[in-house]
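# Fold and geometry: a report
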Amino acid sequence: MGTDLSPESLALLREAIHLAEEAERGGNLPIGAVIALDGEVVARGRNAIWQPSLALTRHAEMEALRNIPSQLWPKSREMTLVTTLEPCLMCAGAVLLHHLGRLVFGSMDPLGGVTSCLDTLPWYFKEAFTRIEWRGPCLPSECDPLYQRVLEYERRRGPIPPARPAQA
């Protein structure tokens, strides 16, 4: 995993940060993602697990994957997913199964990120991970504060997600 960022990837990560801030203003965790093809954004996603209704699979990365226009799927290996936070196992699995070629993330997630469990993945997923170019953490100075707010919201929510999380 590398951490160097091209100007293009930096601009994409900043767009993901903007989406994370929108998610937070909407009552969700501050996590955002974009998917680019040939330098152009083709899909966007922001965390939507709490609002408008409880849907715990509506992670930013999953939302972005759902928003890719169907005619672009043949070019999935040429796509880059850029997200503010290291993907969890669910999102990383979706990236692998959709055959995206590159993933860039802004902040590490030592509590729930996929790199914490890479050694225990089944062989298919371990092999699939080698086909994806991973870059991160690439912008911790801007993404780590978002992650800290994620942790705070998760700490505050307790066992049942709130209708609207308390503001930090």
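How each quantity is defined
Residues numbered from 1 in each chain as written. Predicted model: local features only at pLDDT ≥ 70, side-chain atom pairs only at ≥ 80, totals over all residues. Heavy atoms only, no water. Helix = DSSP H or I, 4+ residues; strand = E, 2+ residues; numbered from the N terminus. Polar contact = N/O pair within 3.5 Å; in protein donor to acceptor, adjacent residues only side chain to side chain. Contact = heavy atoms within 4.5 Å. Patch = residues over 30% accessible without salt bridge, like charges linked within 9 Å, V, L, I, M, F, W, Y side chains within 5 Å. Areas by Shrake-Rupley, 256 points an atom, 1.4 Å probe, with all protein chains shown as cover. Salt bridge = Lys/Arg side-chain N within 4 Å of Asp/Glu carboxyl O. Buried < 20%, exposed > 50% of the residue type's maximum accessible area, 1.4 Å probe, protein only. Core = buried A, V, L, I, M, F, W, Y, C linked by side-chain atoms within 4.5 Å.

## Observations concerning the side chain of N47
Along the chain, the position of N47 falls in the loop between β2 (40-46) and α2 (60-66). In terms of polar contacts, N47 uses its side chain to reach the backbone amide nitrogen of I49, at 3.3 Å. In contact with N47, not counting residues within four places along its chain, are A23, N28, L29, I31, R58, H59 and A60.

## Description of a nonpolar patch on the surface
Where nonpolar side chains cluster on the molecular surface, the patch consists of L97, W123 and Y124 and spans about 370 Å² of accessible area. Looking at the element boundaries, W123 is found in helix α4 (residues 123-129). By relative accessible area, W123 is classed as exposed at 65%.

## Digging into the nonpolar core
Judged by nonpolar contacts, the single largest core of 37 residues is most densely connected at I35, L81 and W134. Of all the elements in the fold, those that place two or more residues in this core are β1 (32-37), β2, α2, β3 (79-85), α3 (89-97), β4 (102-107), α4 and α5 (140-157). Broken down by element, the residue count for this core peaks at five residues, all from α3. What L81 contacts, discounting residues up to four positions off in sequence, is A33, V34, I35, E61, A64, V95, L100, R102, L103 and V104. By size, the runner-up hydrophobic cluster in this structure holds 14 residues, among which are L12, V34, V104 and L139.

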